[in-house]
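# Remarks on the overall topology
The lines below spell out each chain.
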Amino acid sequence: MSKEAKPYRIKPYISEACALLLCLLFAYTAISKVYDWQGTKGGLYNQVFPDWMATAILYGLPPIELVTSVMLISNPLRKTGFLVSIILLAAFSIYIGIVMTGIFGRTPCSCGGVINSLDWGEHLVFNLVFLGIAVIGLKVNRK
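None of these values were measured; they are calculated from a predicted model.

Moving on, we come to the confidence of the model for the chain. Of the residues in the chain, 89% have a pLDDT of 70 or more, and the chain-wide mean is 88. Confidence, expressed as mean pLDDT per element, reaches its minimum in the chain at helix H2 (residues 37-45) with 89 and its maximum at helix H3 (residues 51-73) with 96.

This is how it looks when you write it as C-alpha cells:
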C-alpha cells in the first residue's frame, strides 16, 4: 500500500483530545482546591465521611490530581493517567450516587466542586461525561 493510500488514522487524535480534556480538568480542580484552601477544607469537613478521611482527601487529592495531569500529557505514562482518571472519576461518581440516595440521612452541600454552582445531579452527569472520556481515551490509547 502506497503512502497516499494509507488509511487516515484518527485514534491518536482521539487519545490526545481525551488526555488534554482530562489534564485540564484535573489541573483545574487541583489548583482551585489549593487556591481556595479554606473553602475546600470547609466543604470536605461538611461531607458525610469522618474527619480523618476529609483530612486525607484535603492533603492527598490535589497532588494526585496534578500527577494525573502530568501522566496524561506524557506519552509513556498516558495509559496509567487514563486508569487513575477512571478510578478518581468513578470513586467520586459512586460517592455522589450514594449521597443522592439519602442513605446518610442528610445531603451535604455540593460545594467545592469543579463548578460550584452545580447541584449533586449535575455533578454526577458532569463526572459521568468525563468518566466516559477517560474510558474512550484508555480504549483508543491501547496498542
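What follows continues from the structure just given.
Moving on: the packing of H3 against helix H4 (residues 78-101). Angle between the axes and distance between the axes are the two parameters that describe a pair of packed helices. One can describe the packing of H3 onto H4 by two numbers: an axis separation of 7 Å at closest approach and a directional angle of 140°. As the angle between them shows, H3 and H4 are arranged oblique. Our pair here, H3 against H4, has a crossing hand that is left-handed. Taking contact as the criterion, the partners of Leu61, Ile64, Thr68, Met71, Leu72 and Ile73 in H3 are, on H4, Arg78, Thr80, Gly81, Phe82, Val84, Ser85 and Leu88. Residue classes in the contact of H3 with H4 are distributed as eight nonpolar, four polar and one charged.

It is worth spelling out the packing of helix H1 (residues 11-35) against helix H5 (residues 120-141) at this point. Contact pair H1 / H5: the axes reach a minimum separation of 8 Å and the direction vectors enclose 140°. Classified by the interaxial angle, the pair formed by H1 and H5 is oblique. Classified by chirality, the crossing of H5 by H1 is left-handed. Where H1 approaches H5, its residues Lys11, Ile14, Ser15, Cys18, Leu21, Leu22 and Leu25 are matched on the opposing element by Phe126, Phe130, Ile133, Ala134, Ile136, Gly137, Val140 and Asn141. In terms of residue class, the contact of H1 with H5 is made up of 11 nonpolar, three polar and one charged.

With that settled, the discussion passes to the packing of aromatic side chains. As enumerated under the stated definition, the model contains six aromatic pairs in all. Look at Phe49 and Tyr95: their rings are 5.6 Å apart centre to centre, the planes differ by 55°, and that puts the pair in the tilted class. Taken together, the positions of Phe49 in the loop between H2 and H3 and Tyr95 in helix H4 put the pair 46 residues apart, joining distant regions of the chain. Each member of the pair, Phe49 as well as Tyr95, carries the same accessibility label: buried. Through pairs of rings, three or more aromatic residues link up here, namely Phe49, Phe92, Tyr95, Phe104 and Trp120.

The next point concerns the pattern of salt bridges. Taken as a whole, this structure holds two salt bridges when the rule is applied. One salt bridge connects Glu16 with Arg78, and the closest N-O pair in it is separated by 2.9 Å. Pair noted here: Glu16 is in helix H1 and Arg78 is in helix H4, with a separation of 62 residues, a long-range link. Between Lys33 and Glu65 there is a salt bridge, with the nearest N and O atoms lying 2.9 Å from each other. With Lys33 in helix H1 and Glu65 in helix H3, this residue pair connects regions lying 32 residues apart in the sequence.

For Glu65, a relative accessible area of 5% corresponds to the buried category. Reaching out from Glu65, the side chain makes a polar contact with the side chain of Thr29 at a distance of 3.2 Å. Excluding anything up to four places from it in sequence, Glu65 contacts Phe26, Thr29, Ala30 and Lys33.

The rules behind these values
Residues numbered from 1 in each chain as written. Predicted model: local features only at pLDDT ≥ 70, side-chain atom pairs only at ≥ 80, totals over all residues. Heavy atoms only, no water. pLDDT = per-residue confidence, 0-100. Helix = DSSP H or I, 4+ residues; strand = E, 2+ residues; numbered from the N terminus. Axes fitted to C-alpha atoms, helices over the stretch in contact; angles between N-to-C directions. Parallel < 35°, antiparallel > 145°, perpendicular 65-115°, else oblique. Left-handed = near helix turned anticlockwise from the far one by under 90°. Contact = heavy atoms within 4.5 Å. Nonpolar A, V, L, I, M, F, W, Y, C, P; charged D, E, K, R; others polar. Phe/Tyr/Trp six-rings, centres within 6.5 Å; stacked < 30°, edge-to-face > 60°. Buried < 20%, exposed > 50% of the residue type's maximum accessible area, 1.4 Å probe, protein only. Salt bridge = Lys/Arg side-chain N within 4 Å of Asp/Glu carboxyl O. Polar contact = N/O pair within 3.5 Å; in protein donor to acceptor, adjacent residues only side chain to side chain.

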